[in-house]
Amino acid sequence: MQELRDKDYFKQRASDDMAQHLHTERRSLKETLAQACRIISLHEGEAGLAGQISARSERGKGHYWTLRFGLGFDEATPDDFIEVDQDLHTVSGAGMANPATRFHLWVYESRPDINSIVHTHSPCVSALAAAMQPLVVCQMDMTPFYDNCAFLPEWPGLPIADHEGVIISQALGSKSSIILVNHGQLTTGVNVEEATYLSVYLERAASLQLRASTLGPLVPVPGELAKDARDYLLKARVVSATFDYWGRMSDRVIGKSK
């Protein structure tokens, strides 16, 4: 009988194989943002102009790139992204930022490790938010949110001023995602790909929770197993390969950006 090897052996082998075989597509930042918009549109549905995406700018503190206000995620192209400063004045490109992206400034200020933010009112997360229900990690695909999804239990109002940004950034804390009661979801990442990956999976997790709750009590994944799966599913190469696949899918369904 073959000798049983420790799981650490297989973890290392998987990491080595990924490094050899999983190669990320090369895009500019604005191309990546446009691709992210189409991915989110395909997987989460649209909610008018409520969705926002941003990425920290190389220009420095308080500057970020975002989709110009007035466009839906499904129609975003690289040329539709503008760079704004800490007062939301446009410094590159043409157009205005969604005024509700002001709270992004506070998240970036409090979390130097975050380089991208996605905010949506996706249907299933919004249902949890409306029912004031936090996420319960009860299935493997939900484990990226194990001890990684905050919960803001009270809506501070339309996030177009500074006060809301302070509340949301404090509630997020050190986690990568948050469910905002009476509102929607926010995910973050070290790059656009990770913020998008978490946004899509958070909507999927909420959908699963809503369906599973009709069958009986939810059974959380045991902590150590959840942490182990979380760390694997958040590997940079897993995230980037998934983003690339979703990008190809969105190109087939929605079409490539110009």
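The structure presented is a predicted model; accordingly, all values stated were derived computationally and were not measured.

**Observations concerning the overall build of the chain**
Argument step 1. Looking only at helices and strands, one finds eight helices and eight strands in the chain.
Argument step 2. Its C-alpha atoms give the chain a radius of gyration of 18 Å, near enough to 18 Å, the size a compact globule of 258 residues would have.
Argument step 3. With the C-alpha coordinates of the chain rotated into their principal frame, the extents come out at 65 × 40 × 35 Å.
Argument step 4. The proportion of buried residues among the 258 residues of the chain is 48%.
Argument step 5. For the chain, the proportion of contacts with a sequence separation of at least 24, taken over those separated by at least 6, is 71%.
Argument step 6. If the 25 positive side-chain charges of the chain are averaged to one point and the 32 negative ones to another, these points end up 4 Å apart.

**Describing the packing of aromatic side chains**
Argument step 1. Summed over the entire model, instances satisfying the criterion amount to four aromatic pairs.
Argument step 2. Here the aromatic rings of Tyr 64 and Tyr 108 are separated by 6.0 Å at their centres, their planes lie at 40°, and the arrangement is tilted. Here Tyr 64 is found in strand β2 (residues 64-67), whereas its partner Tyr 108 is found in helix α3 (residues 102-110), with 44 residues between them in sequence.
Argument step 3. Taken together, the ring pairs in this structure connect Tyr 197, Tyr 201 and Trp 246 into an aromatic cluster.

**A closer look at helix α4 (residues 123-130)**
At 3.6 residues per turn, the α-helix brings residues three or four places apart onto the same side.
Argument step 1. Along α4, the residues classified as buried are Cys 124, Val 125, Ser 126, Leu 128 and Ala 129.
Argument step 2. Positive phi appears at Met 132, one or two residues downstream of α4, with a value of about 55°.

**Focus: the pairing of strand β8 (residues 184-189)**
Argument step 1. Burial runs high along β8: six of the six residues are buried.
Argument step 2. The pairing of strand β7 (residues 177-180) with β8 spans four bridges and is classified as antiparallel. Residue pairing across strands places Ile 179 opposite Gln 185, the latter belonging to β8.

**A look at the packing of helix α2 (residues 29-44) against helix α8 (residues 236-253)**
Argument step 1. Where α2 contacts α8, the axes come no closer than 9 Å and their chain directions differ by 75°. By the angle class used here, α2 and α8 are roughly perpendicular. Taken together, the residues of α8 that come into contact with α2 (itself represented by Thr 32, Gln 35, Ala 36, Arg 38, Ile 39, Leu 42 and His 43) are Phe 243, Trp 246, Gly 247, Met 249, Ser 250, Asp 251 and Val 253.
Argument step 2. Of the residues assigned to the contact of α2 with α8, the class counts are seven nonpolar, five polar and two charged.

Calculation rules
Residues numbered from 1 in each chain as written. Predicted model: local features only at pLDDT ≥ 70, side-chain atom pairs only at ≥ 80, totals over all residues. Heavy atoms only, no water. Helix = DSSP H or I, 4+ residues; strand = E, 2+ residues; numbered from the N terminus. Rg over C-alpha atoms; globule rule 2.2 N^0.38 Å. Buried < 20%, exposed > 50% of the residue type's maximum accessible area, 1.4 Å probe, protein only. Contact = heavy atoms within 4.5 Å. Lys, Arg positive; Asp, Glu negative; His and termini not counted. Charge placed at Lys NZ, Arg CZ, Asp CG, Glu CD. Phe/Tyr/Trp six-rings, centres within 6.5 Å; stacked < 30°, edge-to-face > 60°. Pairing = 2+ DSSP bridges. Axes fitted to C-alpha atoms, helices over the stretch in contact; angles between N-to-C directions. Parallel < 35°, antiparallel > 145°, perpendicular 65-115°, else oblique. Nonpolar A, V, L, I, M, F, W, Y, C, P; charged D, E, K, R; others polar.

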